[in-house]
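Analysis of the macromolecular model
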Amino acid sequence: MITLLSCVHGYVRAQSRTVTGSVTDEAGNPVIASITVKGVPGIGTTSTETGSFSLSVPQTADSLIVSAVGYARQTLVISGTVMDIRLAPDGGFNLDEVVVVGYGTQRKGDLTAPVASVNMENATRRTVSTPMDALQGAVTGVQVVSSGAPGSTPTVRVRGVGSLNNENPLYVVDGMFMDNIDFLNPNDIADMSVLKDASGAAIYGVRAANGVIIVTTKRGSLNMKPRVTYNGYVGVQTPNNVLKMADGAQFAAYSLAKGDRYVVDNSVEKFGGQDTRPAMDTDWYNELLRSQALITNHNVDVQGGSDKISYTFGVNYLDQDGIMDAENYHRKYNIRMQAEARVAPWLKIGFTGHLNNFNQFSPNNAAFRQAYFASPLYPVYDPSLELANPVKFGTSASIGIPTGFWFNNPIATAYYNHNENKGFQILPSAYVEAEFWRKKLTFRSQLSQRYQSTHAIAYTPVYYIDNDQRSDRSYLRSAQERNTNYILDNLLTYRDEAGAHHWTMLLGQSVREERWRETWVSANDVPQSPEFWYVGQGAQGIGSATGYGEGGFRNAGVSFFTRGTYDYDNKYLLTATFRADGSSKYQTKWGYFPSVGLGWVLSREGFMENQSLFDLLKIRGSWGLLGNDGIQPNAGYAIINSGNNNSAIFGSVGTSYGSRVPGYRVSRFFTQVRWEVVEEWDGGVDFALLGNRLNGTVDYYYRRTKDLAFSRPIPFLWDRVYGNWGSVANSGWEIGLDWKDQAGELGYTIGINATTLKNRVVDLGGLDNIMNGFPEWTAEFPARIEENQPINYYYGYEVVGVYQNQAEIDADPIARQYNAANPGSPIQPGYLKYKDQNGNGELDEEDRINLGNYLPKLTYGLNIGLTYKRFDFNLALQGVAGNKIHNLNRAMRRKYPQMNADEAFITGLWTGEGSTNKYPSAQGSVASWNLQASSFFVESGAYLRVQNIQAGYSFNIRESIPVRVFATADRPFIFTGYNGFTPEVSGMGYDANVYPVSATYSLGLNVTF
């Protein structure tokens, strides 16, 4: 058998010839392009960084197909053994460009859905630790909210929010379903597509309601010479837009103005100063933040292939320190392997594997909250505190400020913290693909798996600062988590054509299982040395545990799906999909998700032949249903409720207290929960103008989530019942424009994208409203869900100014009515003035209104790229508008009047008639009248950020080794009016001092051997 294969292989080589050459753009710059032989599947190569290529071509072949991202695809007749190929820019809209869609690919010209293909070259210019951070501001319809904490997962929303449960998109990495792709390095990714509408995403059924992001990692090509590429950078992160707090003198003046003289006197007496001018001036943010934090990323890829086998091997290392001046970092190692072998002309097998090892040390973000509260009138360290141990940290108690969580020493909070999470993840995927009927019928079977194991350790040592900030016994919590998932996909694809008719039919079946289990144990009195952090009899550490628990789930599903595409003369387009999903999570086992998309390429019509405006004009429309199974499954068992609400005290006699007897209550209510369903309509136009230099796309979308799942109260009972009760709608416009041109040796590109969003609650199942909000502050500063309003809008009074004098107070019916009812604490000049919405002369519930919510009405991005000879330059901007942030930092003064404040607040306070119409007086700042939920605490979240600036220079070390060096500034500037560290606040937009986003400055190198 081996002899026979050798003879066949020798015969094929004898019947071929070698074609060499180069691929360049119109300015002569080398281009990395894909070069395949027309009509001969499996034979192709990729040009090198210098543009050169070498390809063994059968004697019977007559043409080569050359394609590259950003350039017009060309089919060239083989004119000899040396070919110099020059590609022209396609304006970014190449109809023959292949785009990754669900379970396959499609020509860009055949798409009837708004599938966004991400430009990975621009994405990899960012010095970020996750791919989705690199996507921020780059794709219409996608909002990315970043966090500055090392290793943190950004919030990603596709076309708004349609659920109160899970709003995250589905990620598909080389066929495997994932909750996020933080483990990937952007340099690992070859293609990334975003399926935004129902027509494109319905093929994924119950997992697709929040959009689908498909990731294909890099892989080698047949007949590709071995190529080694290094891409890396070293940079520093610096705190950006640091919030300026009131200094010692300003806080002292503020304390005196509101009657807290004792704080000032105590500071002067203990830490020095004169009269009412304390010497102490602690800048807590300056103490808490590093001036510089290291980030470094190194990536090595090896790619190549023979005439039968292609392969890829990649290694990546990321090391990112946090800008909090305490132990916090993120380190990860990635190994990526891919191989594909054509074992017969009709059969190929392949394997892809990812190994990810990570170690993340999470900071105690409470330190940032406490730094906002902390008075500058006491020091970080206080050697005079005899009981402080082991470090002499200072305490607010020394100047008479109440202690407790919010007034704890923030530096000590950051210091006495050990929260480490480390583990590994393996993603193997193997497939076999058989072509039963050449170029027509293909069968593919792929098994994808995921195994993740993590170990989280939280440790608190023994320490003492004051009676509230202390730990009398050490505490250890050790938790093990295991995720084990698999997906088996079987796909049968049939392609055919007859004259101008072209069609494709996909039949698929998928089986999946997901398992998660957590086991945790805790113990007290654990030695501080990590060598003793083991719990259990016979362990090196503690012999017995003080706590133990387990959690987990196991879900399974099976799916059947089909997709058909048809086009006539590449002019009239049709795509139809249908998926049936079965799930073990719900009593309603099956869900059915159809979609249909239509397209019309007007520019191919005869009546468009004589016009010179449009190079391409295509209109399309689509409709479909999507599912969201990221909600709670059926609770098919009785729920036992315990706690004080269900217990009682017996035996109380006179002054003698009785005994608490625990009680239990069984919740008897049950509903049949099913997945949420999204129905979406989309209409769009794709166009190219002016010789393909200007291209763009415009879409209008309307998506409505039905069967919205949430928990609702049961009248007259303590119970709540979870079920499908409501509906939410999201709608808006998406616009993307790109201009590409060349002026002599200067090439330039300009890309603009913008997305609008209107979010509205359609139905709440008969409820008037649902109150929501920040944990522990929902009652004071609520967010509200109500029909015909945006989801989770801030609910409160509208501030229309500040009372300037007593006459203004006496003339206001609201103030007169309030003062009459509260003679001991009347409204005074310098207090906030609220609008009487219903005109009844009193401030009541009906005067509370919609103060805005956290969802931007507009997101946008701008990208400018320049090339000149060997130089390149890129500038990216990104921003949002129309959203609000609830500044909970300022609002917390309602409960904690001794807290500090940002400098803008302190210096802006009302000091007399005409001084300001925006801020209250110092005394008013702590009065309950001014600390109600109102527009005073709700600020604009709009911003414009310079997202990325990069300049590069390319040259060759010898002709065969191209090198590019580059300098990058990532997120160096932000323009915003918000009074906080960053307007990027996740969740519902309540800012309780989030981990700040940093600027990164780096130098990098890219070299290919």
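Attention here is on the structure that accompanies the text. (Residues numbered from 1 in each chain as written. Predicted model: local features only at pLDDT ≥ 70, side-chain atom pairs only at ≥ 80, totals over all residues. Heavy atoms only, no water.)

1. Focus: the pairing of strand β41 (residues 746-756)
- For strand β40 (residues 720-743) and β41, the ladder comprises 10 bridges, and the chain directions are antiparallel. Looking at the pairing, Gln-742 lines up with Gly-747 of β41.
- The turn joining β40 and β41, which pair antiparallel and follow one another in sequence, is formed by 2 residues; a positive phi near 65 degrees is taken by Gly-744.
- The pairing of β41 with strand β49 (residues 858-868) spans 11 bridges and is antiparallel. (Pairing = 2+ DSSP bridges. Helix = DSSP H or I, 4+ residues; strand = E, 2+ residues; numbered from the N terminus.)

2. As for the packing of helix α5 (residues 248-257) against helix α6 (residues 261-271)
- Axis separation between α5 and α6 bottoms out at 7 Å; the angle between their running directions is 140 degrees. Relative to α6, α5 is oriented oblique. Here Phe-251, Ala-252, Ser-255 and Leu-256 of α5 lie close against α6, whose contacting residues are Arg-261, Val-263 and Val-264.
- Residue composition of the contact of α5 with α6, by class: 5 nonpolar, 1 polar and 1 charged. (Axes fitted to C-alpha atoms, helices over the stretch in contact; angles between N-to-C directions. Parallel < 35°, antiparallel > 145°, perpendicular 65-115°, else oblique. Contact = heavy atoms within 4.5 Å. Nonpolar A, V, L, I, M, F, W, Y, C, P; charged D, E, K, R; others polar.)

3. Overview of the sheet that holds strand β3 (residues 44-46)
- On the basis of which strands lie adjacent, the open sheet formed by 4 strands has the order β3-β2-β5-β6 and antiparallel pairing. On the outer flanks of this sheet lie β3 and β6 (74-77), each paired with one strand and no other. Going from strand to strand, the sheet's axes swing by 20 degrees on average, the running direction of each strand aside.

4. Quick look at unusual backbone geometry
- Pro-390 follows Asn-389 through a cis peptide bond whose omega is 0 degrees.
- Along the polypeptide, Pro-390 turns up in the loop between α8 (366-373) and α9 (410-415).
- For Asp-275, which is not glycine, the phi dihedral falls at a positive 55 degrees.
- Along the chain, Asp-275 turns up in the loop between β18 (273-274) and β19 (277-278).
- For Asn-692, which is not glycine, the phi torsion reads 65 degrees and is therefore positive.
- By secondary structure assignment, the location of Asn-692 is in the loop between β38 (676-689) and β39 (694-713).

5. A short note on the sheet that holds strand β1 (residues 16-25)
- If you walk across this open sheet you meet the 3 strands as β4-β1-β7, and the pairing is mixed. Edge positions in the sheet fall to β4 (52-58) and β7 (82-87), since each of these pairs with one other strand and no more. Strand-to-strand twist across the sheet, computed as the mean angle between neighbouring axes with direction ignored, equals 30 degrees.
- Both β1 and β7 contribute to a ladder of 6 bridges, which runs parallel. If you follow Thr-24 over to β7, its bridge partner there is Arg-86.

6. Concerning the packing of aromatic side chains
- For the structure shown, the criterion picks out 46 aromatic pairs.
- Consider the rings of Phe-373 and Trp-406, whose centres lie 5.1 Å apart with planes at 25 degrees: the pair is stacked. Taken together, the positions of Phe-373 in helix α8 and Trp-406 in the loop between α8 and α9 put the pair 33 residues apart, joining distant regions of the chain. Here Phe-373 and Trp-406 have matching classes, each one buried.
- Centre to centre, the rings of Tyr-700 and Trp-733 are 5.0 Å apart; their planes meet at 55 degrees, and the pair counts as tilted. You can see Tyr-700 sitting in strand β39 and its partner Trp-733 sitting in strand β40, a full 33 residues away along the chain.
- For Tyr-700, a relative accessible area of 34% gives the class partly exposed.
- According to the relative accessible area criterion, Trp-733 is partly exposed, its value standing at 46%. (Phe/Tyr/Trp six-rings, centres within 6.5 Å; stacked < 30°, edge-to-face > 60°. Buried < 20%, exposed > 50% of the residue type's maximum accessible area, 1.4 Å probe, protein only.)

7. Section: the pattern of salt bridges
- Applying the stated criterion across every chain yields a total of 46 salt bridges.
- Arg-473 is paired through a salt bridge with Asp-525; the nearest N and O atoms lie 2.8 Å apart. Here the residue Arg-473 occupies a position in the loop between β27 (470-471) and β28 (475-498), and Asp-525 occupies one in the loop between β29 (501-524) and β30 (547-568), the gap between them amounting to 52 residues.
- Salt-bridge contacts for Glu-808 lead to Lys-833; the nearest nitrogen and oxygen are separated by 3.6 Å. Placement of Glu-808 in helix α10 (residues 806-810) and of Lys-833 in strand β47 (residues 832-834) is noted, with a sequence separation of 25 residues between them.
- Of the residues examined, Glu-808 reaches a relative accessible area of 24% and is grouped as partly exposed.
- Overall, the relative accessible area of 24% leaves Lys-833 in the partly exposed class.
- Here the salt bridges do not stand alone but share partners, grouping Arg-159, Lys-196, Lys-618, Arg-620, Glu-680, Asp-682, Asp-686, Asp-699, Arg-703 and Glu-734 into one network. (Salt bridge = Lys/Arg side-chain N within 4 Å of Asp/Glu carboxyl O.)

8. Details of empty space enclosed by the protein
- Inspection of every chain in the model, using the stated rule, returns 9 cavities of 30 Å³ or more.
- When its volume is computed, the largest cavity comes out at roughly 230 Å³.
- Taken together, 26 residues make up the lining of the largest cavity; nearest its centre are Gln-143, Val-145, Pro-856, Val-880 and Tyr-943.
- Of all elements in the fold, only β11 (142-145), β49, β50 (871-881) and β51 (884-887) reach the threshold of two or more residues within the lining of the largest cavity. (1 Å grid on protein atoms, 1.4 Å probe; cavity = no way out; pocket = protein on both sides within 12 Å on 5 of 7 lines; lining within 4 Å. Points joined across faces, edges and corners; volume = space filled by probe spheres on them.)

The values reported here are purely geometric and, on their own, carry no functional implication.
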